[in-house]
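So you can see what is in the structure, the chains are spelled out below.
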Amino acid sequence: MSTEKKNPKLDTIRALLAKAEDPGATEAEAELARGRAMEMMAKYGIEQALLADGNPSSDAPASRYFSVENPWAMQRARLLSQVADAVGCMAIHVGKSGSARRVHVFGYESDIQRAEVLYTSLQLQMHSALAAQRIPHGVTKPKAWRHSWQLGFIVRVSERLKEIENAAREAASGETSATGRSGALVLADRAAVVAANFRTEYPDMVTRGARSTGSGYGHGTAAGDRADIGGSRRIGAATAGALAA
């Protein structure tokens, strides 16, 4: 069960995302809901960072273990790690615990919460889209094709998320915190703290790129382009339950 503290703004974002995914909503209603949700999510991380610069106890550095279950637990763990990285966290897959994969995420509490909200939505989109795929004629290893499809989806979605985050950070670079420091400096200091905490826990960590032996990668990146992460695209579905162990 998640140890996340209740946050009214995140609750509002979740409610907006659920409304956008409601089959009964008109396209205009869904567009309005998802647009507002992404506007709030983009500003939330910056807002929390600036507030915490004057009141550190409001958003402290933290780490959290997430348990990611099958199906496709390895791909879901990779998606979680990439989403966490996009929103200013650092993550590492630490292996299996029973049937689940374990991912250790480091970041400030508000950013870990943002990662969870986004991951919950995107993993539902990924598996829904994968289930709807028709494997191309001539593919002899369907499992490998599905694996590579998911890898392509994850890579493209994470790229798009980073673009959104970078745009929000650039827009806030001239803002100042209660201490008079610029938004750019506040965010740089937070990144340094997260990196230091990660390296203290995992000093010998070596990054390895994901490998794919299937031919579905291009199909997955195309689906990643269509995934709803903001702007004129829908970001997600109703939450799939708590992730943190």
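Reading guide: rules and limits
Residues numbered from 1 in each chain as written. Predicted model: local features only at pLDDT ≥ 70, side-chain atom pairs only at ≥ 80, totals over all residues. Heavy atoms only, no water. Helix = DSSP H or I, 4+ residues; strand = E, 2+ residues; numbered from the N terminus. Contact = heavy atoms within 4.5 Å. Phe/Tyr/Trp six-rings, centres within 6.5 Å; stacked < 30°, edge-to-face > 60°. Buried < 20%, exposed > 50% of the residue type's maximum accessible area, 1.4 Å probe, protein only. Pairing = 2+ DSSP bridges. Salt bridge = Lys/Arg side-chain N within 4 Å of Asp/Glu carboxyl O. pLDDT = per-residue confidence, 0-100. Core = buried A, V, L, I, M, F, W, Y, C linked by side-chain atoms within 4.5 Å. Expected span 1.5 Å × (residues − 1). Arc of directions from axis to C-beta. Axes fitted to C-alpha atoms, helices over the stretch in contact; angles between N-to-C directions.

**What about the overall build of the protein?**
1) Next: Looking only at helices and strands, the protein features 7 helices and 3 strands.
2) Next: In the protein, the order of α-helices and β-strands from amino to carboxyl end is α-α-β-α-β-β-α-α-α-α.
3) Next: Excluding contacts between residues fewer than 6 apart, the proportion of contacts in the protein whose partners are at least 24 apart in sequence is 77%.

**Let's talk about the packing of aromatic side chains**
1) Next: All told, the structure shown has 4 aromatic pairs when counted by the stated rule.
2) Next: Measuring from ring centre to ring centre gives 5.5 Å for F106 and F198, while their planes differ by 80°; the resulting arrangement is edge-to-face. One end of the pair, F106, is in strand β3 (residues 100–108); the other, F198, is in helix α6 (residues 183–201), with 92 residues separating them in the sequence. Across the pair, exposure class does not vary: F106 and F198 are buried alike.

**Topic: the side chain of R114**
1) Next: Inspection of the secondary structure assignment puts R114 in helix α4 (residues 109–131).
2) Next: Setting aside its immediate chain neighbours within four residues, R114 contacts M41, Y44, G45, V87 and E165.

**As for the pairing of strand β2 (residues 90–97)**
The two faces of the sheet receive side chains in turn, since in a regular strand these alternate between them.
1) Next: As paired elements, β2 and β3 share 7 bridges and run antiparallel to each other. What sits directly across from A91, in β3, is V105.
2) Next: Hairpin connection between β2 and β3: a loop of 2 residues separates the two successive antiparallel strands, and G98 in this loop has a positive phi of roughly 70°.

**Notes on the pattern of salt bridges**
1) Next: As enumerated under the stated definition, the model contains 12 salt bridges in all.
2) Next: Of the charged contacts, one joins R156 and E159 as a salt bridge, the two residues approaching to 3.0 Å between their closest N and O atoms. Residue R156 and its partner E159 are both found in helix α5 (residues 142–172); the two are separated by 3 residues, about one turn of the helix.
3) Next: Several salt bridges share partner residues, and in doing so they unite D59, D111, R114, E165 and R190 into one network.

**Re the confidence of the model for the protein**
1) Next: Within the protein, residue pLDDT values average 80, and 78% of them lie at 70 or more.
2) Next: Below a pLDDT of 50 lies the segment residues 208–220, which in the model reaches 28 contacts outside its immediate sequence neighbourhood of four places, other chains included.
3) Next: This model gives residues 228–245 a pLDDT under 50, and the stretch forms 71 contacts once residues within four places in sequence are excluded.

**Things to note about the nonpolar core**
Nonpolar side chains in soluble globular proteins generally cluster together in the buried interior.
1) Next: Counting residues in each nonpolar core, the largest one holds 36 residues, and the members touching the most others are I13, L79, V83, V105 and L161.
2) Next: Looking at this core, the elements that each hand over two or more residues are α1 (8–21), α2 (27–54), β1 (61–68), α3 (73–86), β3, α4 and α5.
3) Next: Examining the composition of this core, we find that 8 residues originate from one element, α4, more than from any other.
4) Next: Once residues within four sequence positions are removed from consideration, V83 is found in contact with A115, L118, Y119, L122 and L161.

**Describing α3**
1) Next: Look at α3: 20 Å from first C-alpha to last across 14 residues, which is about the 20 Å you get at 1.5 Å a residue.
2) Next: Most of α3 sits inside the fold, with 11 of its 14 residues counted as buried.
3) Next: Looking at the buried side of α3, the elements it contacts are β1, β2, β3, α4 and α5.
4) Next: With its phi angle positive at about 95°, G88 sits one or two positions after the end of α3.

**Overview of α6**
1) Next: Here α6 contains 19 residues, and its C-alpha end-to-end distance of 28 Å stays within 8% of the 27 Å for a straight helix at 1.5 Å per residue.
2) Next: The complete set of buried residues in α6 reads G183, V186, L187, R190, V194 and F198. All buried residues of α6 project into a common sector of 105° when viewed along the axis, lining one side.

**Describing the environment of W145**
1) Next: On the secondary structure map, W145 appears in helix α5.
2) Next: Given the relative accessible area of 1%, W145 is considered buried.

**As for the sheet that holds β1**
1) Next: Spatially, β1-β3-β2 is the arrangement adopted by the 3 strands of the open sheet, whose pairing is antiparallel. Every interior strand has two partners, whereas the edge strands, β1 and β2, have only one. Averaged over neighbouring strand pairs, the angle between their axes works out to 20° when direction is ignored.
2) Next: Of the strands in this sheet, β1 and β3 touch α4, which is tilted by about 25° from β1.
3) Next: The strands touched by α6 are β1, β2 and β3; relative to β3, the strand with the most contacts, the crossing angle is about 140°.

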